[in-house]
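# Secondary and tertiary structure notes
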Amino acid sequence: MSPALAAFLRPSPFALKFATKGVLAMALALYAAFFFDLDRPYWALISAAFLQTRPMSGMVVEKGICQVTGTFVGTCVAVVIMGCFAQVPELALGSVTLWIGLCIYGASLTHNNLSYGCVMAAVACMIIVVLTSSAPDDFFSVALARLSELSLGALCAVVVSALVWPIRVRDHLGQLADTAVNATFRYMALAFSMPLEADRAGSQDTAGQSQAHSQDQQRERMAMLEQMMTGLDALNNLEIDAHSARYEGPQGKGRIRGVHLLTRRSMRLYATLKALHQLRHPEFFVPSQGDDGEAMAPTGELNQTQTQTQRQEAERFSQPTQDLMQRLGAAFQSMADNQGTAQARKTLKELRGECLRLSRGQRSITALEARLLFSLREVLGHALVILQAREVINHPGRHQLRQPSMSWHRDHGRAAIDALRAMAIFSATAIFWLATAWDNGAVAMLLGTLFSGIFVSRGDPAPIIPMVLKGLLLAVPSVLLFGNVMLSHAQHFVPFVIIFSIPLFLGLMGSVVPALAGIALPFVVFNILLVMPDNGMTFDVAYTLNRSLAAGIGLIVTIIGFRLIPVPGAGWDKRQLIRATASDIRELAERSTERLDSWFGGRMGDRLLRLARHEQTRSREQEARRSGENASGQPDDAQQQVLGMPLLTLGLTGMDIGRGIGFVRRELGNDVPRPVQHALRELIHALADDYQRCARGESPTRMRAAGDRLCEVIEQHRTMSRHKQALLAGWLTRVQLTLQSDALRQQRS
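Keep in mind it's a predicted model, so treat the numbers as computed, not measured. (Residues numbered from 1 in each chain as written. Predicted model: local features only at pLDDT ≥ 70, side-chain atom pairs only at ≥ 80, totals over all residues. Heavy atoms only, no water.)

As a further point, take the overall build of the protein. Looking only at helices and strands, one finds 29 helices and zero strands in the protein. Taking all 749 residues of the protein together, 57% fall into the buried category. Sequence-distant contacts in the protein: of pairs separated by 6 or more residues, those separated by 24 or more amount to 81%. For the protein, the exposed surface amounts to about 31,000 Å²; the carbon and sulfur share of it is 57%. (Helix = DSSP H or I, 4+ residues; strand = E, 2+ residues; numbered from the N terminus. Buried < 20%, exposed > 50% of the residue type's maximum accessible area, 1.4 Å probe, protein only. Contact = heavy atoms within 4.5 Å. Areas by Shrake-Rupley, 256 points an atom, 1.4 Å probe, with all protein chains shown as cover.)

Attention now goes to the environment of M467. Within the secondary structure, M467 sits in helix α19 (residues 465–486). M467 sits 56 residues away from F523 along the chain, and the two C-alpha atoms are 10.0 Å apart. For M467, the residues in contact, after removing those within four places along its chain, are A515, G518 and I519.

Before going further, it helps to examine a nonpolar patch on the surface. A surface patch of nonpolar side chains, amounting to about 450 Å² of accessible area, comprises L5, F8, L9, I502 and L506. The leading source of residues in the nonpolar patch is helix α1 (residues 3–9), at three residues. As for its position among the elements, L506 is in helix α20 (residues 493–511). (Patch = residues over 30% accessible without salt bridge, like charges linked within 9 Å, V, L, I, M, F, W, Y side chains within 5 Å. Salt bridge = Lys/Arg side-chain N within 4 Å of Asp/Glu carboxyl O.)

At 3.6 residues per turn, the α-helix brings residues three or four places apart onto the same side. Over its 25 residues, helix α7 (residues 139–163) extends 37 Å from the first C-alpha to the last, a length consistent with the 36 Å expected when each residue adds 1.5 Å. Phi turns positive, to about 45 degrees, at W165, one or two residues after α7. (Expected span 1.5 Å × (residues − 1).)

The subject of this paragraph is the state of the cysteines. Per the counting criterion, the structure on display carries zero disulfides. With no disulfide of its own, C125 lies closest to C103 among cysteine sulfurs, the gap being 7.4 Å. According to the relative accessible area criterion, C125 is buried, its value standing at 0%. (Disulfide = S-S within 2.5 Å.)

This paragraph deals with the side chain of Q725. Looking at where Q725 falls in the secondary structure, it is placed in helix α29 (residues 722–748). Residue Q725 is classed as buried on the basis of its relative accessible area, which comes to 15%. With sequence-adjacent residues up to four places away left out, Q725 is seen in contact with I714, E715 and M720.

The pLDDT averaged across the protein works out to 80; a share of 83% of its residues lies at or above 70. Taken as a whole, residues 284–303 scores under 50 in pLDDT and shows 35 contacts with residues more than four places along the chain or in a different chain. Overall, residues 627–643 carries pLDDT values under 50, and its contacts beyond four positions in sequence, including any with other chains, amount to 36 contacts. (pLDDT = per-residue confidence, 0-100.)

Moving on: the environment of V512. Topologically, V512 is positioned in the loop between α20 and α21 (514–531). Sequence separation between V512 and S12 is 500 residues; the distance between their C-alpha atoms is 9.2 Å. Beyond its immediate chain neighbours, meaning those up to four positions away, V512 contacts F14, A15 and F18.

With that out of the way, let us pick up the packing of aromatic side chains. One pass over the structure, following the stated rule, counts 16 aromatic pairs. On the basis of an interplanar angle of 20 degrees and a centroid distance of 6.2 Å, the ring pair of F14 and F18 is categorised as stacked. Of this pair, F14 and F18 both sit in helix α2 (residues 13–35), four residues apart, which is roughly one turn of that helix. Its relative accessible area of 42% is what places F14 among the partly exposed residues. (Phe/Tyr/Trp six-rings, centres within 6.5 Å; stacked < 30°, edge-to-face > 60°.)

Glancing now at the packing of α19 against α21. Packing of α19 against α21 brings their axes to within 7 Å, and their N-to-C directions diverge by 45 degrees. If you check the angle between α19 and α21, you find them oblique. Where α19 crosses over α21, the handedness of that crossing is right-handed. Here α19 contributes M467, V468, K470, G471, L472, L474, A475, V476, S478, V479 and G483 to the contact with α21, which in turn contributes A515, G518, I519, P522, F523, F526, N527, L530 and V531. Of the residues that constitute the contact of α19 with α21, the class distribution is 14 nonpolar, five polar and one charged. (Axes fitted to C-alpha atoms, helices over the stretch in contact; angles between N-to-C directions. Parallel < 35°, antiparallel > 145°, perpendicular 65-115°, else oblique. Left-handed = near helix turned anticlockwise from the far one by under 90°. Nonpolar A, V, L, I, M, F, W, Y, C, P; charged D, E, K, R; others polar.)

For the structure on display, the rule yields 14 salt bridges. With its nearest N and O atoms 2.4 Å apart, the salt bridge here joins R327 to E354. Separated by 27 residues along the polypeptide, R327 in helix α14 (residues 319–336) and E354 in helix α15 (residues 341–361) bring together distant segments of the chain. Its relative accessible area of 44% is what places R327 among the partly exposed residues. What you see here is one network of salt bridges that share partners, running through R586, D689 and R702.

Moving on, we come to the packing of α2 against α7. In the contact formed by α2 and α7, the axes pass within 9 Å of each other and the chain directions differ by 140 degrees. Classed by the angle they form, the pair α2 and α7 counts as oblique. Remark: the crossing between α2 and α7 carries right-handed chirality. Taken together, the residues of α7 that come into contact with α2 (itself represented by K21, L24, A25, L28, A29, A32 and A33) are L152, G153, C156, A157, V160 and S161.

Here we take up unusual backbone geometry. Residue W165 is not a glycine yet carries a positive backbone phi of 45 degrees. Position of W165 among the secondary structure elements: in the loop between α7 and α8 (169–193). You can call W165 partly exposed: its relative accessible area is 43%. Notably, R718 is not glycine yet its phi reads approximately 55 degrees, a positive angle. Mapped onto the fold, R718 is located in the loop between α28 (703–717) and α29. By relative accessible area, which is 71% here, R718 ends up exposed.

With that out of the way, let us pick up the side chain of R377. Its location among the elements puts R377 in helix α16 (residues 367–394). In this structure, R377 is buried with no salt-bridge partner, the nearest side chain bearing the opposite charge being E378 at 8.5 Å. (Lys, Arg positive; Asp, Glu negative; His and termini not counted.)

Take a look at the structure:
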């Protein structure tokens, strides 16, 4: 049975509860609007419907506050506009256009429900100005009515969400935290358990064994990628949803701090682990064969780079170190299989102590292996903090935690494009409305403004808007049947609500299925907009078709707007994120060492989540194009590209470089001789430049010389111990190898 049929013929208990809560909230809002004799009760219905899309109590409260606040701000702006241009509709609409652009610009820069509040500020101002442009005397009554209706709908949604089958944000955050931690530990188990390439190659004598090895390697890659994406997706949802926990009691702020700590440390762990895994398995990140199975022939400046990477692949770490990493793999797999937190914490502390003993007990250890063991201790330390963060999320009262929030990456260029598109869509529909003097033209303006604002948070909304149009096409016959024929026979409120709720219930029930959500939710909204229940409603088929045509025009203009002014793609975001990361790396040379890690980690957290989302979108697109495996069982070109993770790997490399710089600056201290200070600044700028070069697929050229110079100056002035100097040399070698393999991967992708 298809998912569409199963959603209605065999609905899940959650779908039935969700639809029932939504219908109850809208019925309560409609009854209250009728009771208070509001002008347009359907606005209370729409308000309650939008708030029920995420039915968790804290989220409904937060979204309701943002909706009411945005409506109030939009109403105040409408007062100013109409006070200045009530007699000149053209200037009033021009002012509304500028206000819409400003609101959409803010919605693109903000996150969570703040973005929705910005959209509501634009919609409220537009509705009030358009409805009162022909009758300025009714302005204040219309503004008060809109604010009352939307606030009433929000209040009804909050009451129903809190009293009927309440779903708490805290339970949702706990489940996401468990998913993120377990996926991270499984990723670590796979990374540490994977045998070295040369060890596997030495045990293969036949062509059949070689082919089996290649298939095993591909399965290992896919398993690691799946676990990383699962963990990053859970972290992304945690950061988006955590702020709503503040509305579920005094412990909500503690949960928010726990989420920030979990996200920061998980990102640091992924960055460190990626560098460690790349040292042991350079072939995992830069396969020695092309997608067609033939050996790649490096050319130009990358020839020397690949030769050095292959030499590093053959290098052996000592046997005790390799045995330790195998033990780490088994330990993390046991933790992912729901081992108790106390036992997991004890195991991590024992392994961390063993790493320390091993690094101090080996006399002939190389600088690279010394850095490897130091990074292993870092990984185990991050894992301990991650376990603590999960405990804080689930039981915030047991822990006292101070953790700053993450800094969000703000792409002002993309925000300006979103604002320009919204202004163009509204201007086109406003010109059409003024030219035709069509009463229902305001519907086209409303929908163009609403959807151009709601979709700014989507990576690529162009495929979603046609689904909204399908929702409208399905809503038209539903409205004709239920809204015109059956409702005309309802003489009292109870039969009226029962008849009107049937299509709403079906739409909400279908919206639980992800494949149907883009059609089912618009179906609900258009049923309300086209029926427009109020105390003086008429059952006119021609009027219903007239509004349907206006809604279709608004959606078509929105589609054209997104086609003509498209959302910047992954290439744009990649350039902006890489440029911003390189800029932050350079700034590490000037900032104080006290809050260096928290500042850089907070800014990189959101960037890594964005790169992970782009990687997921890229993977889904390539999997959709994939036709399957070839006859030999090898993945085709698309699957090979999915395994590359070039965007996410760049972000992890940037995080690792920033943390390494923080380590060097802390070890050097504040009282640094001027030559050492100058050499460190040169190294930081060289790392930033080479990071941008590797993002373009070019080999690093500056950091080796700058790193050697820093090591020489440190040795001359004796500002570091011998052990710390060895760690610094190992870190520089590791970063050099990482940038080289990243450059190769970027060239291939």
